[in-house]
Amino acid sequence: MEKVSLKVAGMTCSHCEEAVKNALLSIDGVASVAIAFHDEHAEIEYDPKKADKENLIKVIEDQGYGVA
């Protein structure tokens, strides 16, 4: 398992957190997601054999948020 920390721009409430978290957890290989919208921070633990950082970023962007 690997961990990646991403800065997620545009989250303004707990609903935003849940939307991003649920989208990430729907990816095969993602084991856990910790998000704090007030810090614009997401920490994701995933299996690099099943998912990659680019896929994680794409899913976040598909939800309408930016990734730095």
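Residues numbered from 1 in each chain as written. Predicted model: local features only at pLDDT ≥ 70, side-chain atom pairs only at ≥ 80, totals over all residues. Heavy atoms only, no water.

The protein has the name Copper chaperone CopZ in an unreviewed UniProt entry, where Cytobacillus oceanisediminis is given as its organism.

(A) Highlighting the overall build of the protein. Across its full length, the protein holds 2 helices and 4 strands. Across the protein, helices and strands are ordered from the amino to the carboxyl terminus as β-α-β-β-α-β. For 68 residues, the compact-globule formula gives about 11 Å, and the C-alpha radius of gyration of the protein, at 11 Å, lands near that figure. Dimensions of the protein, computed from the C-alpha atoms along their principal axes, are close to 30 × 20 × 20 Å. For the protein, the proportion of its 68 residues judged to be buried stands at 35%. (Helix = DSSP H or I, 4+ residues; strand = E, 2+ residues; numbered from the N terminus. Rg over C-alpha atoms; globule rule 2.2 N^0.38 Å. Buried < 20%, exposed > 50% of the residue type's maximum accessible area, 1.4 Å probe, protein only.)

(B) Inspection of the sheet that holds strand β2 (residues 30-36) at higher detail. Within the open sheet, the 4 strands sit side by side as β2-β3-β1-β4. Their pairing is antiparallel. Bordering the open sheet on either side are β2 and β4 (66-67), each of which pairs with just one other strand. The pairing of strand β1 (residues 2-9) with β4 spans 2 bridges and is antiparallel. Residue pairing for β4: V8 is matched across the bridge by V67. Its contacts with the sheet place helix α1 (residues 14-25) against β2 and β3 (41-46), and it is angled at close to 165 degrees to β2. (Pairing = 2+ DSSP bridges. Contact = heavy atoms within 4.5 Å. Axes fitted to C-alpha atoms, helices over the stretch in contact; angles between N-to-C directions.)

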